[in-house]
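Below, each chain spelled out in residue letters.
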Amino acid sequence: MENQSKNGNIIAIITMMFLYAMISFVTNLAAPIGVIWKNVFADSGSANMIGMLGNAMNFLAYLFMGIPAGKLLTKIGYKKTALTGIATGFVGVLIQFLSGKFGADISGFAVYLFGAFISGFAVCILNTVVNPMLNLLGGGGNKGNMLLQIGGSFNSLAGTLTPMFVGALIGDITKERIVSGEITITNINPVLFIALGVFAAAFLILTFIP
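What counts, and where the lines are drawn
Here, residues in each chain are numbered from 1, in the same order as that chain's written sequence. It should be noted that, the model being predicted, local features are given only for residues of pLDDT at least 70 and side-chain atom pairs only at 80 or more, the latter also being counted only at that level, while totals for whole chains, interfaces and linings use all residues. The side-chain figures draw on all heavy atoms in the structure; neither hydrogens nor water molecules are used. Of the grid points, spaced at 1 Å and generated over the protein atoms alone, those admitting a 1.4 Å probe that cannot get out make up cavities, while open sets with protein on both sides within 12 Å along at least five of seven lines make up pockets; any residue with an atom within 4 Å of a point is treated as lining. Grid points are joined across faces, edges and corners, and a volume is the space filled by probe spheres set on the points. Think of it this way: any DSSP run of H or I at least four residues long counts as a helix, any run of E at least two long counts as a strand, and we number them from the N terminus. In the scheme used here, Gly and all other residues not listed as nonpolar or charged are polar, with Ala, Val, Leu, Ile, Met, Phe, Trp, Tyr, Cys and Pro taken as nonpolar and Asp, Glu, Lys and Arg as charged. To estimate the expected span of a helix, subtract one from its residue number and multiply by 1.5 Å. By definition, a residue's bend is the angle between the axes fitted to the seven residues ending there and the seven starting there. Accessible area is worked out with a 1.4 Å probe on protein chains only. A residue is then buried under 20% of its type maximum, exposed over 50%, and partly exposed in between. The contact definition used throughout considers only heavy atoms, calling two residues in contact when any of these lie within 4.5 Å. The nonpolar core is taken to be a set of buried Ala, Val, Leu, Ile, Met, Phe, Trp, Tyr and Cys residues, with the residues joined through side-chain atoms within 4.5 Å.

Draft legend 1. Broad picture of the layout of surface pockets. Space inside the largest pocket adds up to approximately 340 Å³. Contributing to the lining of the largest pocket are 14 residues, with F18, A21, M22, F25 and A158 lying nearest its centre. Counting residues per element, the ones that place at least two in the lining of the largest pocket are α1 (2-40), α4 (141-170) and α6 (189-207). Among the residues making up the lining of the largest pocket, the classes are represented as 13 nonpolar, one polar and no charged.

Structure follows, in structure tokens:
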């Protein structure tokens with residue numbers, strides 16, 4: 001029984017590490033996607049602002065979700081709050097994927113911003129639960145703090161690699177390549193599929209952990 005509990009803890013810790021990385025991945029995904037939208041609306045006169053709106057929507061969500069996320073944690077506990085955050089993140093990324101189906105115009109951009117806002121809800125919920133949950137899984141004290149530091153390292157690594165990964169996937173983004181159809185918002189679909197897969201796997205794993 002003790003071994004089962006220990007194994008469950010190890011799996012839960014690994015899952016939380018992945019979620020720590022996903023928090024940064026989802027947040028930093030807005031920047032390279034924003035570069036595409038910036039070039040789509042290059043003639044609008046406010047292209048730079050348009051390119052940053054995805055990030056803005058991510059962090060605007062904190063304003064609305066910060067207190068509810070804390071209340072959710074108090075009401076339903078760590079595990080269910082984490083599952084809620086993961087499910088919300090899946091929906092947010094899925095909406096961003098669907099924005100590509102609307103085309104490179106104002107309708108597609110509006111859907112993308114809505115997806116970024118929902119993803120911000122997810123990141124806020126996960127930030128609320130992952131830190132104390134990792135500390136709890138580590139038993140508090142030095143071991144709990146050590147797990148938090150490792151989680152923070154995964155978070156920083158994902159934040160560094162995400163723009164590089166998307167940049168390597170898409171290449172140089174210019175207005176000409178977008179107008180010619182060589183680059184569209186659908187070019188980042190493989191990255192979104194990876195995000196959806198990780199969220200789905202994390203949800204399933206966490207569901208079966210006591």
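Resuming the write-up.
Draft legend 2. Structural view of helix α3 (residues 106-137). With 32 residues, α3 should reach 46 Å at 1.5 Å per residue; the first-to-last C-alpha distance of 45 Å fits that figure. Its maximal kink placed at V130, α3 deviates by approximately 25 degrees, while the proline P132 follows within four residues. Backbone geometry just downstream of α3 places G139 in the positive-phi region, at approximately 80 degrees.

Draft legend 3. Structural detail: the side chain of N55. Along the chain, N55 turns up in helix α2 (residues 47-99). Judged by relative accessible area, N55 falls into the buried class, the value being 14%. If near-sequence neighbours (up to four positions away) are discounted, N55 is found in contact with T27, A30 and A31.

Draft legend 4. Main features of the nonpolar core. Counting 44 residues, the largest nonpolar core has M16, L126, V130, L134 and L206 as its most contacted members. In terms of residue count, α1 provides more of this core than any other element does, 15 residues in total. Setting aside residues no more than four positions away along its own chain, L206 makes contact with M16, K79, A82, L83, I86 and M133. Grouped together as the second largest cluster of nonpolar side chains are 10 residues, M65, A69, F117 and I118 included.

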